[in-house]
Structures are given as structure tokens and as C-alpha cells.
Amino acid sequence: MVNAYQEKYIALKKQYEAEESSENVQAFYEFKDFLEEQSEPEAKQVLVKVYEFLELYRSAYTVFQEIANTTDKKDMKKLGYLKSLQNIGDAYAMRRPRGGKKLEHQQQILASLPHFKYHPNPLATGAFEELNEPVICSCCQKPTHIAYETPFYCSADDAENLCPNCIASGAAAKKFDGEFQDEASVDDVSDEAKLDELIHRTPGYSGWQQEYWRAHCDDFCAFLGYVGYRELKQMGIVEEVLENFLENSDWESLDIENMTNGGSLQGYLFQCIHCGKYLIWADYD
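Predicted model only: the values in this text are computed from it and were never measured.

Caption draft 1: Spotlight on the overall build of the protein chain. Helix and strand content of the protein chain: eleven helices and seven strands. Relative to the globule expectation of 19 Å for 285 residues, the C-alpha radius of gyration of the protein chain, 20 Å, shows essentially globular dimensions. Expressed along its principal axes, the backbone C-alpha trace of the protein chain runs to roughly 65 × 45 × 35 Å. With 285 residues in all, the protein chain has 47% of them scored as buried. Within the protein chain, residue pairs in contact and separated by at least 24 positions form 61% of the contacts whose partners lie at least 6 positions apart. Roughly 14,700 Å² of accessible area belongs to the protein chain as shown, and the carbon and sulfur atoms make up 47% of that amount. Here the protein chain holds 27 positive side-chain charges and 49 negative ones, and the gap between their average locations is 7 Å.

In C-alpha cells, the structure reads:
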């Protein structure tokens, strides 16, 4: 029997399939916020479906662990599937266009963090994770509820749980003689100080292969997040990013329609901090 929660989910999915717009993505996120406040098992079952639709796999696995019937083979198969996606987690989730309680909370946390010019929202991209319990930053040895999650290239084994302040100040890069972005894997910029800020004081991102950082207007771009064709289409920037990508890479073509967020062909979205132009990088797993 279909309950009210399932009916709402089905209606939203049909609405999205009819038009893959940012408004319909936002409607799903608002429904997610509502379901997270409900305690009924029926609501949690649908919440898992919503998480999967939004590609919030870590969240889907966490909730389904609580409600899965361990004697039901179908439930256990699904639990195993969601567990297998833990290496992806929520990092490649469908981007939230605007609004919602979670976004408001994220904006409050973001306001308390140092500003990273080349990575303006490291919470949304998954570069930092907000933790329920504090951990000790291996650089400053102070407790932090916000810990770094993406690549840091250094030889030290104990460079863990780096806090935002130690990254922004350059203390972490100096202490562990590390880089957050390979200086050889960037577009050309004439000012060495800008390169220093990018590789030593800017949170990185996670790519399938070696991460690459785009530049425009003789400055490094801001990394906005992980995207596929669907997200670029919602933003209306497919032609803009494709033209620039093909002009500035060794690829003769990019099968952009098969580029999916979290898929084998992954896109990484950047924006020029001077003129606002969008650029992408892409790689295969």
C-alpha cells in the first residue's frame, strides 16, 4: 500500500523526469528536510529513496542501517549495495540550488571559517566534514569539529584531521612539507604568489586521477564542485564549459552527455573569480 510519503516521492520524481530543473531539485531537498524530521518507519523508508535519488549515499546507508530487516534478503542486498558506495559518500551528490535548513546551517558554519578564495565553499564540496564529536588537528593539536577530507600530498603519516585555520594560514603545509594541489597540474598563472596560495593555503578536491586546477584572467579559478552533464544542463552552461575545455586540453572531444556526477567520466566545475566565466576539468576512473 502506497502511503503519503511514497506518493509525494513518486510525484516529485515524475516532476523531475519531466523537467530536470533546479527548481525540481530544490523540491526534492525540501522534501528531504521534511522527512528528516519525521520518526515513522514509513518516512525513513522513503527518506532512503530520496537520499539515493540525490546521490547522498553515505546518508542513505546510515539511515538504512537503522531500519533494514536483517532477516530479509532484499534488505540485506540493498544494505550491501549502499555500503559499497561508501567510498563515494555524499561528495558527488546532486547540488542543492538554494534554501533549506541544512543549507542555512552550512552557511552559518561557513561564515565562521577562513575564506578560501580559490575554494569558496569547502563544506559543500566535501573538502571539510562537520563532525559530531571533535577530533585533534595534527598540526595545531587543538580540537576541531571541522576536519579536512580531501588530498594532502606529503610524506608524513600523521597529517590527519587538519583544521581550516591551519590550512588557511599555511601552517599545515609548512609543518608537514606538503601541498594541497600538485603545482605541476595547474593552468599557467604569471604570479608565483597566487600559485603559493593555491597549493599551500587552499583546500584541494578529489579527482579520479590527478586533480587539475583551472585558471582564467591570469588567476586561478574558484573550485565550485563535482558535476555531470545533468548539473551543467540545469545551470545552462553546457556550451560555455565545453567550448573552453576543448580549446584548453589535449582531448579532441569530450562525451559530455555521458559525464555523470560520481560516474566513470567525472566533471569538476570552476569559475573565474574575475569575469565569472565557468570552466571544467574532467577525467575517467
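Moving on from the coordinates now.
Caption draft 2: Just the side chain of Asp187, in detail. Its place among the elements puts Asp187 in the loop between α8 (171-176) and α9 (192-201). In terms of polar contacts, Asp187 uses its side chain to reach the side chain of Tyr212, at 2.7 Å. There is a polar contact of 2.9 Å between the side chain of Asp187 and the backbone nitrogen of Ala215. What Asp187 contacts, discounting residues up to four positions off in sequence, is Tyr212, Trp213, Arg214, Ala215 and Phe220.

Caption draft 3: Expanded view of the sheet that holds strand β6 (residues 265-271). Taken in spatial order, the three strands of this open sheet run β5-β6-β7, and their pairing is antiparallel. Of all the strands in the sheet, the pair left with one neighbour each is β5 (222-227) and β7 (278-284). Here the strands of the sheet are splayed against their neighbours by 25 degrees on average, with no regard to which way each runs. Sheet analysis places β5 next to β6, joined by five bridges and oriented antiparallel. Counterpart to Gly225 in the pairing with β6 is Leu269.

Caption draft 4: Quick look at the pattern of salt bridges. Summed over all chains, the structure comprises ten salt bridges. The shortest N-O distance in the salt bridge between Glu52 and Lys78 comes to 3.1 Å. Of this pair, Glu52 sits in helix α3 (residues 41-53) while Lys78 sits in helix α5 (residues 73-84), and the two are 26 residues apart along the sequence. With a relative accessible area of 23%, Lys78 lands in the partly exposed category. Among the ionic contacts, a cluster of salt bridges with common partners joins Lys32, Asp33 and Glu36.

Caption draft 5: Region of interest: the nonpolar core. Residues Tyr205, Trp213, Phe220 and Leu232 are the most contacted members of the largest nonpolar core, which totals 33 residues. Broken down by secondary-structure element, the contributors of at least two residues to this core are α9, β5, α11 (238-247), β6 and β7. Every residue in contact with Leu232, bar those within four places of it in the chain, is listed here: Val227, Ile237, Val238, Val241, Ile256, Met259, Leu269 and Ile280. The next biggest cluster of nonpolar side chains, apart from the first, holds 28 residues, and it includes Tyr9, Tyr16, Phe64 and Ala68.

Caption draft 6: Region of interest: a negative patch on the surface. Among the surface-exposed residues, Glu183, Asp191, Glu192 and Asp218 lie close enough to one another that they form a single negatively charged patch. Position of Asp191 relative to the elements: it lies in the loop between α8 and α9. Assessed through its relative accessible area of 34%, Asp191 is described here as partly exposed.

Caption draft 7: The arrangement of the packing of aromatic side chains in detail. Inspection of every chain in the model, using the stated rule, returns 23 aromatic pairs. Arranged with centres 5.8 Å apart and planes meeting at 65 degrees, the rings of Phe128 and Tyr148 form a pair that is edge-to-face. Pair noted here: Phe128 is in strand β1 (residues 128-136) and Tyr148 is in strand β2 (residues 143-148), with a separation of 20 residues, a long-range link. In this structure, Phe128 and Tyr148 share a single accessibility class: buried. The interplanar angle of 25 degrees and the centroid separation of 4.4 Å between the aromatic rings of Phe152 and Phe180 together place this pair among those described as stacked. Here Phe180 lies in the loop between α8 and α9 and Phe152 lies in the loop between β2 and α7 (164-168), a separation of 28 residues in the sequence. Owing to a relative accessible area of 15%, Phe152 belongs among the buried residues under this scheme. Taken together, the aromatic side chains of Phe116, Phe128, Tyr148, Phe152, Phe176 and Phe180 make up a single cluster linked through ring pairs.

Caption draft 8: Region of interest: the pairing of β7. Burial runs high along β7: six of the seven residues are buried. The pairing of β6 with β7 spans seven bridges and is antiparallel. If you follow Leu269 over to β7, its bridge partner there is Ile280. Here β6 folds back onto β7 in antiparallel fashion, the turn holding six residues, of which Gly276 has a positive phi close to 85 degrees.

The rules behind each value
Residues numbered from 1 in each chain as written. Predicted model: local features only at pLDDT ≥ 70, side-chain atom pairs only at ≥ 80, totals over all residues. Heavy atoms only, no water. Helix = DSSP H or I, 4+ residues; strand = E, 2+ residues; numbered from the N terminus. Rg over C-alpha atoms; globule rule 2.2 N^0.38 Å. Buried < 20%, exposed > 50% of the residue type's maximum accessible area, 1.4 Å probe, protein only. Contact = heavy atoms within 4.5 Å. Areas by Shrake-Rupley, 256 points an atom, 1.4 Å probe, with all protein chains shown as cover. Lys, Arg positive; Asp, Glu negative; His and termini not counted. Charge placed at Lys NZ, Arg CZ, Asp CG, Glu CD. Polar contact = N/O pair within 3.5 Å; in protein donor to acceptor, adjacent residues only side chain to side chain. Pairing = 2+ DSSP bridges. Axes fitted to C-alpha atoms, helices over the stretch in contact; angles between N-to-C directions. Salt bridge = Lys/Arg side-chain N within 4 Å of Asp/Glu carboxyl O. Core = buried A, V, L, I, M, F, W, Y, C linked by side-chain atoms within 4.5 Å. Patch = residues over 30% accessible without salt bridge, like charges linked within 9 Å, V, L, I, M, F, W, Y side chains within 5 Å. Phe/Tyr/Trp six-rings, centres within 6.5 Å; stacked < 30°, edge-to-face > 60°.

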